[in-house]
Amino acid sequence: MACARCDFYTPEDSTRAQLLDARGNLRKMAVTIPLTEDEQAALTDGQTAIDQLLNLVNGLADTPTPAGPTLQQITAPGSAQFLPVVAVRQGKAAQA
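Residues numbered from 1 in each chain as written. Predicted model: local features only at pLDDT ≥ 70, side-chain atom pairs only at ≥ 80, totals over all residues. Heavy atoms only, no water.

## A few points about the overall build of the chain
1) Next: Of the regular secondary structure elements, the chain holds three helices and zero strands.
2) Next: Secondary structure elements of the chain occur, N-terminal to C-terminal, as α-α-α.
3) Next: For the chain, with 96 residues in total, the buried portion stands at 14%.
4) Next: Here the chain displays about 8300 Å² of accessible surface, and carbon together with sulfur accounts for 56% of that area. (Helix = DSSP H or I, 4+ residues; strand = E, 2+ residues; numbered from the N terminus. Buried < 20%, exposed > 50% of the residue type's maximum accessible area, 1.4 Å probe, protein only. Areas by Shrake-Rupley, 256 points an atom, 1.4 Å probe, with all protein chains shown as cover.)

## Considerations on the nonpolar core
1) Next: Counting seven residues, the largest nonpolar core consists of Leu19, Leu26, Leu43, Ile50, Leu53, Leu54 and Val57.
2) Next: Only α1 (13–32) and α2 (37–60) provide two or more residues apiece to this core.
3) Next: The biggest single contributor to this core is α2, with five residues. (Core = buried A, V, L, I, M, F, W, Y, C linked by side-chain atoms within 4.5 Å.)

## Observations regarding the environment of Leu53
1) Next: When you line up the elements, Leu53 lands in helix α2.
2) Next: Distance from Leu53 to Leu19, taken between C-alpha atoms, is 7.8 Å for residues 34 residues apart in sequence.

## Details of the confidence of the model for the chain
1) Next: Mean pLDDT over the chain: 76, with 69% of residues reaching 70 or higher.
2) Next: Looking over the chain, one finds the lowest element-wise mean pLDDT in helix α3 (residues 71–75), namely 68, and the highest in α2, namely 86. (pLDDT = per-residue confidence, 0-100.)

## Quick word on α2
1) Next: For α2, which comprises 24 residues, the first-to-last C-alpha distance of 35 Å matches the rise-based estimate of 34 Å (1.5 Å per residue) to within 8%.
2) Next: Of the residues making up α2, those classed as buried are Leu43, Gly46, Ala49, Ile50, Leu53, Leu54 and Val57. (Expected span 1.5 Å × (residues − 1).)

Put into structure tokens, the structure is as follows:
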């Protein structure tokens, strides 16, 4: 498992929402809670780390994989084909 501060750390998509929440919580804490100098330094360090991770998450979608296509190209729907709509009748068929 890689540390979140390592350059090769790659968070999953669900992590983006958690990072945005954490960033909001840190900003709220900085405004509402009186912090010591050490606590303020730790909070600033945490905000910097979260911002770097968010930049990493946002940039990964356009980074080519070893095979060549980007994540957006892999997850984008290809040539989608619509299924034919077929009339369905329930019950007994009408007798002539």
